[in-house]
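Chain residues, written in single-letter form:
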Amino acid sequence: MRIVLLGSPGSGKGTQASRIIGKYNIPHISTGDIFRDNIKRQTSIGLEAKKFIDKGHLVPDDLTLKIIEDRFIQPDCAEGFLLDGFPRTIVQAEALELELQKNVKKLDAVVNLDVHDEAIISRMTGRRVCSKCGATYNLTFNKPTVDNICDKCGGALLIREDDKLETVTNRLKVYKTETQPLIDFYKQKGILITVNGELDAEVVFQNICNALEQF
Ligand code: ADP
Ligand code: AMP
């Protein structure tokens, strides 16, 4: 399976990704996670990407395409993958097509998580992420058992730098101009599945699975 998860920031891509990869046994490729890992390790890619991420801008296409190319050559991508947060621009989507065509491969489906802006703002300002294992929580919808501690590994839960209200507003604007056009791009290719992302996360997951199976 080669799947892309599309949706505004905070629409639940990471939350659904962890469920989907378990079911289909494919690697989870999140460009946001790759950038955050590079920032943590203070690599040159991380230092460059941070300048854009902290302002709520997209990282330029050339740098993003470099990290994705490096990831695609890993052997675990041979049989499929779940892309989360990539592509985010038409340039990236076209580059992805070329890369797949080179290996006579294509995407099976693009799952678009549909969530209104008001829900996005409350989700992102309440998002907490484990500093150790990356698990995602929400102060309203998915609280950890003990405040600020990860249920899975005991790590400390942190607020993402780019989840401040001002940055979130900017990220939503950028989503609308740069990423939303991908909905039509993939609709025209006949591989778009749109799912209501405002339902309970488990229901959203079931709806994604049903749609993928009927595809
Ligand atoms: P993305 O990867 O698209 O940025 P996340 O998966 O990190 O989004 O989800 C953003 C926030 O919304 C997190 O705090 C997460 O716990 C919460 N969330 C995810 N899915 C749902 C849902 N279906 N209902 C309510 N809250 C959700
Ligand atoms: P995410 O974790 O997917 O919300 O990504 C966090 C941030 O990383 C985004 O707001 C962007 O600044 C950057 N980023 C992640 N993926 C991409 C991408 N495909 N293209 C450009 N920037 C990206």
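Cut-offs and rules
Residues numbered from 1 in each chain as written. Chains lettered and ligands numbered in written order. Predicted model: local features only at pLDDT ≥ 70, side-chain atom pairs only at ≥ 80, totals over all residues. Heavy atoms only, no water. Near = heavy atom within 4 Å. Polar contact = N/O pair within 3.5 Å; in protein donor to acceptor, adjacent residues only side chain to side chain. Areas by Shrake-Rupley, 256 points an atom, 1.4 Å probe, with all protein chains shown as cover. Helix = DSSP H or I, 4+ residues; strand = E, 2+ residues; numbered from the N terminus. Nonpolar A, V, L, I, M, F, W, Y, C, P; charged D, E, K, R; others polar.

The subject of this paragraph is the site of ligand 1. Around ligand 1 there are 18 residues in total, and Gly14, Thr15, Arg127, Tyr137 and Leu199 lie nearest to it. Between ligand 1 and glycine 14, the relevant distance is 2.8 Å, taken from an oxygen atom to a main-chain nitrogen or oxygen of the residue. Out of a free accessible area of 570 Å², ligand 1 has 92% covered by protein chains. Listing elements by their share of the shell around ligand 1, those giving two or more residues are α1 (13-24) and β6 (136-138).

Looking at ligand 2, there are 16 residues lining it, with Thr31, Arg36, His57, Arg88 and Gln92 nearest. With respect to ligand 2, the backbone of histidine 57 contributes an N or O atom lying 2.6 Å from an oxygen atom. In this structure, a nitrogen atom belonging to ligand 2 sits 2.9 Å away from a side-chain N or O atom of arginine 88. Protein burial of ligand 2: of its 490 Å² of free accessible surface, 96% is covered by the chains. A total of 4 residues in the shell around ligand 2 trace back to one element, the largest contributor, which is helix α2 (residues 31-40). Of the residues in the shell around ligand 2, the class split is 5 nonpolar, 6 polar and 5 charged.

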